[in-house]
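# Chain and residue survey
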Amino acid sequence: MSKTVDVVIIGAGAAGMMAAIRAGQRGRRVLVLDHAKAPGEKIRISGGGRCNFTNIHAGPKNYLSANPHFAKSALARFTPQDFLAMVEAHKIGWHEKTLGQLFCDDSAKDIIRMLLEEMKAANVKLQLQTEIEAVRKTGDGFDIVTNQGAFACQSVIIATGGKSIPKMGATGFAYKIAEQFGLSLIETRPGLVPLTLEPGLLGELAVLAGVAVDASISHGKTAFDEALLFTHRGLSGPAILQISSYWREGDHITLSLQPDTDFLGILKTAKRDNGRQAVQTVLSGHLPKRLAQYCVERAGITKPLADLSDKALIGLVESLQKWVLKPAGSEGYRTAEVTLGGVDTKDLESKTMQAKTVPGLYFIGEAVDVTGWLGGYNFQWAWASGHAAGLAA
Ligand code: FDA
């Protein structure tokens, strides 16, 4: 005999917990199932342990999807201010770090605690360490078969996230269920992930491992101005993570180091005022020393400033601010913060996240083909899509 509830939510992550709160507040009997030992594990490790829980500028333009309009409805109905109101009602200290990114003052665990308290107040049941064996359609709902027994429900919300960080329990479960019920998938790939370099270039850049610099990184018409970090594996830092979601294998990216610095003006002034200086000495005033040295060597410059033509200086500046480079690949799901692609939004109702052809079946959060930029946008999507489904299921 199955136990009966109104709504089963599979996945006690950010999206699943928010959906549970909303459905529970409507008086629905809600059961949340998860195979992990603890809820909200990705929240716990997010934002370096302080959870970048939203971004005050979040809007549809900050998301990648085959249908860029899909996210508009859910994002408009649950805004960053709505989430912030919850955070403040629970007296969780927060601050804006940069670019509208809101973080907890103390710990990401405060956000998990807040969600669990809200779930409890809404009479939501949470059952962890539960393996889902099957999701079956019945006449008027679904049967969820697990290693802890079966549950009958009217609505089922799939909130199992994407494939990123498999060692934390990420699975392709949502995609399997989508396929089972005839929904289309947009091909998945790792997003917000460090990029790797071919061995020759990696060897050449090894001297720069650990160096960070402000940069504008572009791919086609998309550009991000944030920090760039050279690593032992290739390129990382926020600017690279952002562009990685747009980059495809075989594509080039362009690096502009310190894009707001007028290197040509600085070099010309230095040549006029003290031409016997080494070029790297001048650049070191504006770039990390190792990077300045590498750039001068890469441009093949061996003479002091006074002996360099304007053409040579322009060539050097272009190698700093129009540095075209072809990444070999990415570090993959092992380190990716998110999974691009997923359940095709053309098969979902944008207002409720319900499958158009399967009444009662909902997909939310990262499992759906809506992926945010780095900076709190992915949690905002999890909250907003969870809110939408929780009000409908
Ligand atoms: P999420 O992955 O959070 O939850 C899915 C749940 O489903 C998990 O509890 C999992 O155990 C469960 N599950 C999976 N398969 C299952 C199965 N087969 N059976 C039962 N349960 C199953 N975003 C942001 O906005 N700000 C930030 O600061 C960060 N920082 C960050 C750091 C790191 C290291 C990572 C990896 C990611 C981030 N992110 C982020 C991204 C953010 O964590 C992510 O987008 C959301 O957690 C997605 O929420 P979901 O609820 O959709 O999935």
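Conventions we followed
- Residues numbered from 1 in each chain as written.
- Predicted model: local features only at pLDDT ≥ 70, side-chain atom pairs only at ≥ 80, totals over all residues.
- Heavy atoms only, no water.
- UniProt positions renumbered as here; feature names shortened; annotations may be inferred.
- Buried < 20%, exposed > 50% of the residue type's maximum accessible area, 1.4 Å probe, protein only.
- Helix = DSSP H or I, 4+ residues; strand = E, 2+ residues; numbered from the N terminus.
- Contact = heavy atoms within 4.5 Å.
- Expected span 1.5 Å × (residues − 1).
- pLDDT = per-residue confidence, 0-100.
- Pairing = 2+ DSSP bridges.
- Axes fitted to C-alpha atoms, helices over the stretch in contact; angles between N-to-C directions.
- Domains from an automatic or database assignment.
- Salt bridge = Lys/Arg side-chain N within 4 Å of Asp/Glu carboxyl O.
- Polar contact = N/O pair within 3.5 Å; in protein donor to acceptor, adjacent residues only side chain to side chain.
- Nonpolar A, V, L, I, M, F, W, Y, C, P; charged D, E, K, R; others polar.
- Phe/Tyr/Trp six-rings, centres within 6.5 Å; stacked < 30°, edge-to-face > 60°.
- Disulfide = S-S within 2.5 Å.

The protein has the name NAD(P)/FAD-dependent oxidoreductase in an unreviewed UniProt entry, where Allorhizobium terrae is given as its organism. Per UniProt, the comment on the protein under Cofactor (unreviewed entry) is "FAD".

A few words on helix 6 (residues 173–180). Turning to helix 6, its buried residues are F173, A174, Y175, I177 and A178. Looking at the buried positions of helix 6, the neighbouring elements they touch are strand 2 (7–10), strand 9 (132–138), strand 12 (155–158), strand 13 (185–191), strand 21 (338–343) and strand 22 (361–363).

Our focus in this paragraph is helix 12 (residues 310–321). In this model helix 12 runs 16 Å from its N-terminal to its C-terminal C-alpha over 12 residues, within 8% of the 16 Å that 1.5 Å per residue would give. Those residues of helix 12 not exposed but buried are L313, L316, V317, S319, L320 and Q321. Looking at the buried residues of helix 12, the elements they touch are strand 18 (253–257), helix 9 (263–273), helix 10 (279–284), helix 11 (289–298) and strand 19 (323–325).

Here we take up the confidence of the model for the protein. Overall, the predicted model of the protein reaches an average pLDDT of 97, with 100% of residues at or above 70. Reported confidence for the predicted complex is 0.99 by ipTM and 0.97 by pTM.

This part covers the sheet that holds strand 12. Taking strand neighbours across the sheet as the criterion, the 5 strands line up as 8-3-2-12-22 in an open arrangement whose pairing is parallel. Here the strands that pair on one side only, and so sit at the sheet edges, are strand 8 (125–127) and strand 22. Sheet twist, expressed as the mean angle between neighbouring strand axes with direction ignored, is 20°. Running over the sheet, helix 1 (residues 14–25) touches strand 2, strand 3 (30–33) and strand 12 and is turned about 170° from strand 3.

Attention now moves to the environment of D34. When you line up the elements, D34 lands in the loop between strand 3 and helix 2 (41–45). A relative accessible area of 11% places D34 in the buried class. Separated by 310 residues in sequence, D34 and D344 have C-alpha atoms that sit 23 Å apart. Those residues within four positions of D34 in sequence are excluded, and the remaining contacts are G11, A12, G13, Q127, L128, Q129 and T130.

You can read the domains of the protein as domain 1 (3–189 + 340–391) and domain 2 (195–330). Distance between the C-alpha centres of domain 1 and domain 2: 40 Å. The tally of links between domain 1 and domain 2 comes to 0 salt bridges. At the junction of domain 1 with domain 2, the criterion picks out 4 residue pairs in polar contact (both at pLDDT 80 or more). The residue makeup of the side of domain 1 that touches domain 2, split by class, is 5 nonpolar, no polar and 1 charged.

One side chain can pair with another of opposite charge once the charged atoms of both are near each other. What the rule picks out here adds up to 11 salt bridges. Taking the shortest distance from any N to any O, the salt bridge between R44 and E41 comes out at 2.8 Å. Here R44 and its partner E41 are both found in helix 2, 3 residues apart, which amounts to about one turn of the helix. When its relative accessible area of 35% is taken as the criterion, R44 is described as partly exposed. We note a salt bridge from D310 to K271, for which the minimum N-O separation is 3.8 Å. Placement of D310 in helix 12 and of K271 in helix 9 is noted, with a sequence separation of 39 residues between them. Classification of K271 as partly exposed rests on a relative accessible area of 24%.

Once that is clear, we can look at the packing of aromatic side chains. We describe a pair of aromatic rings using the distance from one ring centre to the other and the angle between the two ring planes. Tallied over the entire structure, the rule returns 11 aromatic pairs. On the basis of an interplanar angle of 5° and a centroid distance of 4.2 Å, the ring pair of F83 and W383 is categorised as stacked. Of this pair, F83 sits in helix 4 (residues 80–89) while W383 sits in helix 13 (residues 377–392), and the two are 300 residues apart along the sequence. Pairing W373 with Y377 gives two aromatic rings, centres 5.9 Å apart and planes at 75°, and the pair type is edge-to-face. With relative accessibility at 6%, the residue Y377 sits in the buried group.

Turning our eyes to something else, we now look at the state of the cysteines. One pass over the structure, following the stated rule, counts 0 disulfides. Not part of a disulfide, C51 finds its nearest cysteine sulfur in C104, a span of 5.3 Å.

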